[in-house]
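An overview of the molecular structure
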Amino acid sequence: AVGSVGLDGLVLPKATAAAMSAVQGLDLPVVAIVETPAGLRGAFELAATAAVEALVLGAVDLGLALGLEPREDGLELLFARSSLGVDSAAAGLRGPIDQVWTTLSDDAGLQRDCALARSLGFRGKACVHPEQVPVVNDAFSPSSEELARARDVVRAFEEAAANGRGAVAFDGEMIDL
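These lines cover the structure that appears in this document, whether it is placed above or below. (Residues numbered from 1 in each chain as written. Predicted model: local features only at pLDDT ≥ 70, side-chain atom pairs only at ≥ 80, totals over all residues. Heavy atoms only, no water.)

**Some points on the overall build of the protein**
Counting its secondary structure elements, the protein contains 8 helices and 7 strands. In terms of its C-alpha atoms, the protein occupies a principal-axis envelope of roughly 55 × 40 × 30 Å. Within the span of the protein, comprising 177 residues, buried residues form 37% of the whole. Taking contacts inside the protein between residues at least 6 apart in sequence as the whole, the part at least 24 apart equals 50%. Accessible area for the protein stands at about 10,200 Å²; split by element, carbon and sulfur atoms hold 56% of it. (Helix = DSSP H or I, 4+ residues; strand = E, 2+ residues; numbered from the N terminus. Buried < 20%, exposed > 50% of the residue type's maximum accessible area, 1.4 Å probe, protein only. Contact = heavy atoms within 4.5 Å. Areas by Shrake-Rupley, 256 points an atom, 1.4 Å probe, with all protein chains shown as cover.)

**Concerning helix α4 (residues 59-66)**
Every buried residue belonging to α4 is among A59, L62 and G63, and all of these are buried. Buried residues of α4, viewed axially, fall in a sector of 100°; they line one side. Exposed residues on α4 whose side chains face more than 90 degrees from its buried face are L64 and A65. Looking at the buried side of α4, the elements it contacts are α2 (37-41), β3 (52-57) and α5 (78-90). (Arc of directions from axis to C-beta.)

**Observations concerning the environment of V168**
In this fold, V168 is placed in strand β6 (residues 167-170). In this structure, the C-alpha to C-alpha distance between V168 and E158, residues 10 residues apart in sequence, is 9.4 Å.

**Regarding the pairing of strand β7 (residues 173-176)**
A regular strand places its side chains on the two faces of the sheet in alternate fashion. Pairing geometry for β6 and β7, over 4 bridges, is antiparallel. When the bridges of β7 are listed, A167 appears paired with D176. Hairpin connection between β6 and β7: a loop of 2 residues separates the two successive antiparallel strands, and D171 in this loop has a positive phi of roughly 50°. (Pairing = 2+ DSSP bridges.)

The following block contains the structure:
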């Protein structure tokens, strides 16, 4: 039935590699929500499935299943977040999408949670309300300083490559391909 409605993609909750078999023949990109202990343990196999485009941390259900106690610093999810980052990269996927922020009136908390997720390799965050979108977009978009530095790094590397060097020192760092 899902394959006959003309979808552009599919978000698969409670995703596991086994659950992917149910949607494998649909030829649709899948965003897989990892929100069970079994899903977390098998996240690399899930990420390596051809149809999967990105992993999402489903931290509310995962936290309940694991008996996690929420902390203001978010460290109760450090293992899960780190694992999804590694599994996504190892499978050649983009950085994963972080958990939802369920406290609607706490933009400062949302900003802190976005900063932690971004520092762990996440490249986006699920939202439960449209008012969260500007905060999340701001947190995961490169700053003008980051963009300028990236352009300078590319320019320095291209100049080095044109001179037959495979690496260049840039602001005290070694930059290579």
